[in-house]
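# Remarks on the overall topology
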Amino acid sequence: MNREAANISEPNLLKNQIAGTRAQNPDAREEPSAQSAEPNIKMSTKGLKVFYGDKQALFDIALDMEEKSVTALIGPSGCGKSTFLRCLNRMNDTIDGCAIDGNVTIDGQDIYDSVLDVVELRARIGMVFQKPNPFPKSIYDNVAYGPRIHGLAHNQKDLNSIVRGSLERAGLLKEVEDRLDEPGTGLSGGQQQRLCIARAIAVSPEVILMDEPCSALDPIATAHIEELIDELRTNFTIVIVTHNMQQAARVSQKTAFFHLGKLVETNTTEEIFTSPRDERTQGYITGRYG
Ligand code: ADP
Ligand code: MG
């Protein structure tokens, strides 16, 4: 069976899940009401097109990503989710034959503008990948890596506090504080992914991009990461690719559905899963195609 089809459930299940989450969580943050101020747009794309050689992978994508909120990108394999995510921190620059046209902004500033330093940009926009990829270094050095490169710590005490603080925010400190010198690669898969999240947040990014961060993890480790994502959105803008629709429903406030390189529909997560407007979205969330 197709990997994506395996995670599809009936829309009613999702509906109940969304309603259930809200009911069990009376304190859960409410979405901004109609009267409240417009949410701040942290990142935005307009007319974004991507080509790999002659093949066009993305067609005129216009998407706003709100500050301190989770935007989920969903859609069948090969529809361009990872390509889109990589445009947001210029990771596609490193792919031969990849050409990008259109506009990508952070706080209104074009990230493809030549005055912007790519290394600095990637410190502002961190990334967590599908497969946990700790460096072959100690747990401590994995997290200290970015702050060292960017000169964020004035002395050893400063660095220690960044490392411990990042591990704490990634929900990993308690599990590793007595073995910070041990290799990061010795941790379990879920711990490794939290280590990668700690490494990403150690440089105090504004945005965190996550490309299917749980797809290599077991359900318990996945639940842990999902809780963490919900906490992280207090401080960070998060854009997450997921092929798991329950996950999109659980962790995101806004969902964008991609199909064949086009952004078909975007709306609040609740609207997308309970009353999608486009029949392709409807087809995907009800499992008619993967
Ligand atoms: P998704 O993440 O939704 O599965 P991708 O962004 O990986 O989709 O891929 C979108 C399209 O771009 C696919 O047709 C894929 O084959 C193509 N593609 C992705 N990466 C490359 C690459 N490095 N070189 C050439 N084509 C690519
Ligand atoms: Mg992908």
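The paragraphs below set out a description of the structure included in this document. (Residues numbered from 1 in each chain as written. Chains lettered and ligands numbered in written order. Predicted model: local features only at pLDDT ≥ 70, side-chain atom pairs only at ≥ 80, totals over all residues.)

Helices and strands together make up the secondary structure of the protein chain, namely 11 helices and 10 strands. Intrachain contacts of the protein chain at a sequence separation of at least 6 include 70% that bridge at least 24 residues. (Helix = DSSP H or I, 4+ residues; strand = E, 2+ residues; numbered from the N terminus. Contact = placed C-beta atoms within 7 Å.)

Attention shifts here to the site of ligand 1. Taken together, Y52, A57, G75, S77, G78, C79, G80, K81, S82, T83 and I95 make up the full set of residues near ligand 1. If one sorts the elements of the shell around ligand 1 by residue count, helix α2 (residues 81-87) sits on top with three residues. Classifying every residue of the shell around ligand 1 by side-chain character gives four nonpolar, six polar and one charged. (Near = placed C-beta within 6 Å. Nonpolar A, V, L, I, M, F, W, Y, C, P; charged D, E, K, R; others polar.)

Our next topic: the sheet that holds strand β7 (residues 207-211). With respect to topology, six strands assemble into an open sheet ordered β6-β7-β8-β3-β9-β10, the strand pairing being mixed. Each having just a single partner strand, β6 (125-128) and β10 (262-268) make up the two edges of the open sheet. Mean inter-strand twist for the sheet, computed between neighbouring axes without regard to direction, equals 15 degrees. Across four bridges, the pairing between β6 and β7 is parallel. Of the residues in β7, the one forming a bridge with G126 is I208. Each of β6 and β7 is contacted by helix α7 (residues 189-201), which is oriented at about 170 degrees to β6, the strand it contacts most. (Pairing = 2+ DSSP bridges. Axes fitted to C-alpha atoms, helices over the stretch in contact; angles between N-to-C directions.)

Moving on, we come to unusual backbone geometry. The backbone of R90 shows a phi angle near 60 degrees, a positive value even though the residue is not glycine. For R90, the position within the fold is in the loop between α2 and β4 (98-106). For R90, a count of 17 C-beta atoms within 10 Å translates into the label partly exposed. Phi at D107 is positive, roughly 50 degrees, even though this residue is not glycine. With respect to the helices and strands, D107 occurs in the loop between β4 and β5 (109-110). By the C-beta count within 10 Å, which is 13 here, D107 ends up partly exposed. (Buried ≥ 20, exposed ≤ 12 C-beta atoms within 10 Å, placed from the backbone.)

Here α7 contains 13 residues, and its C-alpha end-to-end distance of 19 Å stays within 8% of the 18 Å for a straight helix at 1.5 Å per residue. The buried fraction of α7 is high, at 12 of 13 residues. Looking at α7, one finds that the buried residues are G190, Q191, Q192, Q193, R194, L195, C196, I197, A198, R199, A200 and I201. Structurally, α7 contributes buried residues whose contacts are with β6, α4 (139-149), α5 (156-169), α6 (173-176), β7 and α8 (219-232). (Expected span 1.5 Å × (residues − 1).)

A few words on the nonpolar core. Counting residues in hydrophobic clusters, the biggest one holds 66 residues, and the most contacted among them are L73, A198, I238 and I240. Counting residues per element, this core draws most heavily on α7, at six residues. Setting aside anything within four residues of it in sequence, one finds I240 in contact with V70, A72, M210, P213, I229, V251 and S252. (Core = buried A, V, L, I, M, F, W, Y, C linked by C-beta atoms within 7 Å.)

Once that is clear, we can look at the sheet that holds strand β1 (residues 41-52). Strands sit in the order β2-β1-β4-β5 across an open sheet of four strands; the sheet is antiparallel. Whereas interior strands pair on both sides, the edge strands pair on one side only; in this sheet they are β2 (55-66) and β5. With eight bridges joining them, β1 and β2 adopt antiparallel strand pairing. By the bridge assignment for β2, T45 is matched with L63.

Turning our eyes to something else, we now look at the pairing of β1. Once β1 ends, the chain turns through two residues before running back antiparallel as β2, passing G53 with a positive phi of about 60 degrees. Relative to β4, β1 runs antiparallel, the two sharing eight bridges. Bridge assignment links S44 to a residue of β4, and that residue is T105.

Residue position: C196 is located in helix α7. C196 sits in the buried class, given 25 other C-beta atoms within 10 Å. Sequence separation between C196 and A170 is 26 residues, and the spatial gap between their C-alpha atoms is 8.8 Å. When near neighbours in sequence (up to four residues on either side) are disregarded, C196 contacts V128, P132, N133 and P134.

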